[in-house]
Amino acid sequence: MPEYRPQSIEQKWQERWRSGRAFEVTEDPGKPKFYCLEMFAYPSGHAHVGHVRNYMIGDVVARMKRMRGFNVLHPFGWDAFGLPAENAAIKNGTHPETWTLENIAHMKGQLQRLGISYAWEREIATCLPEYYKWNQWIFLKMLERDLAYRKRSSVNWCPSCNTVLANEQVVNGGCWRCGTTVTTRELEQWFFRITQYADELLDDMTQLGEWPDKVLTMQSNWVGRSQGARVTFALESNAGRALPPPQQRASGSDAIEVFTTRIDTIYGATFIVLAPEHPLVQRFAGESPDPAAFRAKVAKFTSQDRSARLTGEVEKEGFDTGRRAINPFTNEPVPIWVANFVLMEYGTGAVMGVPGHDQRDFEFARKYGLPITIVVQPDGETLSAETMTEAKPGAGRLVASGEFSGLDWEEGNRRMTEAARQRGIGHGTVQYRLKDWGISRQRYWGTPIPVVYCETHGLVGVPYDQLPVELPKIAAFSGRGDSPLAQIPEFVNTTCPECGGPARRETDTMDTFVDSSWYFFRFCDPRNADLPFDPEHVGYWGPVDFYSGGVEHAILHLIYSRFFTRVFRDLGMTHLSEPFARLLTQGMVLKSGQVMSKSKGNVVDPDDMIQKYGADALRLYVMFVAPPEKEIEWTDAGLEGSFRFLARVWRLADSLCDTIGGHGIPAPSAVALNDEERALRRKTHQTIKRVTIDLDPRVHLNTAVSAMMELVNELYAFCSHTRCGPVSEDSDNVGVVERPATIAVLKEAVEALVRMLSPFAPHMAEELWESLGHRDGITAAGWPEYDETVAKAEEIVVPVQINGKVRARITVPADTPEDDLRTMVLADAQVRSHLDGRAVQKIMVAPNGRLVSIVVQHG
RNA sequence: GCCGGGGUGGCGGAACUGGCAGACGCAUCGGACUUAAAAUCCGAAGUCCCCACAAGGGACGUGCGGGUUCGAUUCCCGCCCCCGGCACCA
């Protein structure tokens, strides 16, 4: 008997799949489609087992769906633009393109050695002009529809390297290369107007029933919708005059507009706080008695570390501007302060301070001696402004709120919003945390933004027929100066498409998240030279039915992809709004409790494991050790266990293939079976049922493997009794199985097992399938079917509880009627000894006769 | 602080809708085979207690404390801890 030697088998089948184009697909209206996708890879160099876990999970699903008759699209590609390539160029002098393409070649080899069933002919790499051309195309469409626009925004700047830094190049506030403290600079940058879709992105999450709750929550936090109102506080100098009409007032500087979610507390608003960057602050400074001192106080706040201010690590501080505004509900003047905790980026950059009902305002008021007024009294409490030690946010009844006093706070909120609207001093509104997506990167290795700046025509999009704007080759990377592209005159200097006059190219490139926001559509039509994709192809394959990847992409990538899908929809290129029907976020692979990384030196290279145990054992181990969503701790012993299991299956099938591989073996349903044969057949069908459901729809890959292990254990026991198969070798008289019924049930069991195992261990399964006498490959063999009546147990063991404790077990035929069951239980000797003569108060049978429960008097 | 997920043997993990807790595997121990070992095959095993031992029996046991129920890992209430997200967001 040949030993299980995975290496030669795996090479053999990988070569056959490749030459037979086994996983390439075309559209087939006669078959249901299934689009199975794993997040494509960043070609960082060598993939470790943590990276490839995701691909193995997807491959099990793809292979299983193929066997179940689906037309499966399972493509792969490379998220090939990005900073590490550029960093490598700066450090080692390798060109980003060379570095990237070499990494792709290596990682592709690793994936092929794992036997992942990709349609490699559809492979894409985002760094190729044939791909990024379409990023530019999409950008121009967005520009036309006012979904792309320019505005000033700040970037990280290293004053020593004299260059812009990406967020990930800022380490603890310093430059990644020289450690110099990073400052910020204002630059004109490009934005995508994702906020236009904020409501839709939030509301449509109800359609994402097959996404993890975790991801939905994260996205919903990210969009951060809050319902509230904008209210205008007039400046005191204008208090005597009648207010001008609202449209003039909103833009005028004689009033302050605040955003609040609790307009019902406005009678308790005893001060106003402006962000240091608020436009009125500069005016107040100019009008103040000592403008220099005023500005110095403002500058103290604006110079505070940006991120620290945003995260609230800086102590709350403020100062009184000396100016006052009129609370439009109380008509009382309130002081206007400036403080570092108010952010210009959110809302209107001005807030009303309600210290009685907002903890932050409370602390601020106590610190600076500002008045506190209670305007909401919670049920069963009487608050007092003098004695309270913290603010009381939340529910209650309005007090000291004029005509609104006595109302419940929610009702008050509605009425006061309406009152503000009627009086022209405010309106209900919705505020989002989500901001427009800044896509400009002052980097080389990305998609050039297809825009030129003409001296006479200003900003002009590059015409579609001139796409792509190709990245020029750069000889050397210094990591200094402006955008690398700005340093190449041949690139920068161009002509205006409108007038032919001199023009300057945009030198920023796009955020690489643009590349990944639509690649799943490109896979449907990867070589299209006229469009990003043909709507017909996406119409057939879309949406992605099963998408898996790391939870680190829960927000950005997944929300940008949802945004892009809606943009394509509005361009008439797809009917879809949601790109991914089902999402699985796979857990990480840890080694000694830590994430694998090159710097920690704890990476496990799949190639090493393949060499030692084979790709099949590696795949099986990773699937078996935990559910796909959970993180796993790598152990060599576990991998060895999986190898042992595969070798056990190998010995079983190999030793039986002469017996069960022949022709003319009857179907198990056509012959009379003895008890043992019937039991094996039942186990076979039970296993098929469990594995089928565990894989689809549940994707509980670990329990599917357990079920197959149980079947193998049962098969070994069966062989041991019938003296055949792998256990016959040891014995003196090798058992030759002659009973056709035995052969029939063995054949059914082994063939079902091999087929079910094939998504996990495809090479071995193909090899065994072939040695069992099949020619057409295991995918064509289809998924085994189970017969519910065969799977059903004939006899069941019914536990008997007496006062909640299991005291006996009786074996009865399945489907014993409840009444009979009661009688049998009460007649059972064991039960009677436990009853000990006590009277039965109650006896009940669990649904399907799974358990009998008796209640007796204690005694 | 708000939101989401979780806490089960020595370890990874099972348990579909409230019905035998610990499937399957790892590690461990024992037996068979072997001159021996490895490999393989077969078997044991939650904890504690009773019994000289075994057979057998009992108590306890799914983070903690209560509750509902004939019956709770599962449902409800109140806590503790761990992981993840958001957060001076008005």
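These numbers come from a predicted model, not from an experiment.

Student: Got a sec to walk through the pattern of salt bridges? Specific residues and values, please.
Tutor: For the coordinates displayed, the defined rule picks out 53 salt bridges. Close ionic contact of Asp203 with Arg225 constitutes a salt bridge, the shortest N to O distance being 2.7 Å. Residue Asp203 is found in helix α6 (residues 198-203), and its partner Arg225 is found in the loop between α7 (213-223) and β10 (226-235); the two are separated by 22 residues along the sequence. We classify Asp203 as partly exposed; its relative accessible area is 38%. Here Arg225 falls in the partly exposed class, since its relative accessible area comes to 35%. Glu788 serves as the salt-bridge partner of Lys689, at 2.6 Å between the closest nitrogen and oxygen.

Student: How would you explain the pairing of strand β21 (residues 451-454) if you had to name every residue and give the values?
Tutor: Covered by surrounding structure in β21 are Val451 and Tyr453 together with Val452 and Cys454, the residues of both alternating faces. Sheet topology places β21 next to strand β24 (residues 502-505); 3 bridges connect them, and they run antiparallel. Across the sheet, residue Tyr453 finds its bridge partner in β24, namely Arg504.

Student: Any details on the sheet that holds β21? Residues and values, ideally.
Tutor: In space, the 4 strands of this open sheet follow the order β22-β21-β24-β23, with antiparallel pairing throughout. In the strand order of this sheet, the two ends are held by β22 (458-461) and β23 (493-495), each with one partner. Pairwise comparison of adjacent strand axes, ignoring direction, gives a mean angle of 40° for this sheet. When β21 meets β22, the two strands line up antiparallel, connected through 4 bridges. Looking at the pairing, Val452 lines up with Val460 of β22.

Student: Can you lay out the side chain of Glu86 for me, pointing to particular residues and giving the numbers?
Tutor: Here Glu86 is to be found in helix α3 (residues 83-92). Excluding anything up to four places from it in sequence, Glu86 contacts Pro96, Arg443, Tyr444, Trp445, Phe477 and Pro484.

Student: With reference to specific residues and values, describe unusual backbone geometry.
Tutor: Cis geometry marks the peptide bond from Leu467 to Pro468; its omega dihedral reads 0°. By the element assignment, Pro468 lies in the loop between β22 and α14 (489-492). With an omega dihedral of -10°, the bond running from Gly542 to Pro543 counts as a cis peptide bond. Among the structural elements, Pro543 can be located in the loop between α17 (535-541) and β26 (546-550). Even without being a glycine, Arg723 presents a positive backbone phi close to 50°. The residue Arg723 is located in the loop between α23 (701-722) and α24 (740-757) in this model.

Student: How would you explain the packing of aromatic side chains if you had to name every residue and give the values?
Tutor: Taken as a whole, this structure holds 52 aromatic pairs when the rule is applied. When the ring of Phe259 is compared with that of Tyr346, the centres are 6.4 Å apart and the planes differ by 80°; the resulting orientation is edge-to-face. Remark: Tyr346 occurs in the loop between β14 (333-339) and β15 (350-353) and Phe259 occurs in strand β11 (residues 255-260); sequence separation between them is 87 residues. Take Phe259: its relative accessible area is 10%, and that puts it in the buried class. By relative accessible area, Tyr346 is classed as partly exposed at 33%. Geometry around Trp13 places Arg16 over its ring, the cationic atom sitting 4.4 Å from the centre. Arg63 extends its terminal NZ or CZ atom over the ring of Trp17, reaching a point 4.5 Å from the ring centre.

Cut-offs applied
- Residues numbered from 1 in each chain as written.
- Chains lettered and ligands numbered in written order.
- Predicted model: local features only at pLDDT ≥ 70, side-chain atom pairs only at ≥ 80, totals over all residues.
- Heavy atoms only, no water.
- Salt bridge = Lys/Arg side-chain N within 4 Å of Asp/Glu carboxyl O.
- Helix = DSSP H or I, 4+ residues; strand = E, 2+ residues; numbered from the N terminus.
- Buried < 20%, exposed > 50% of the residue type's maximum accessible area, 1.4 Å probe, protein only.
- Pairing = 2+ DSSP bridges.
- Axes fitted to C-alpha atoms, helices over the stretch in contact; angles between N-to-C directions.
- Contact = heavy atoms within 4.5 Å.
- Phe/Tyr/Trp six-rings, centres within 6.5 Å; stacked < 30°, edge-to-face > 60°.
- Lys NZ or Arg CZ within 6 Å of the ring centre and 35° of its normal.

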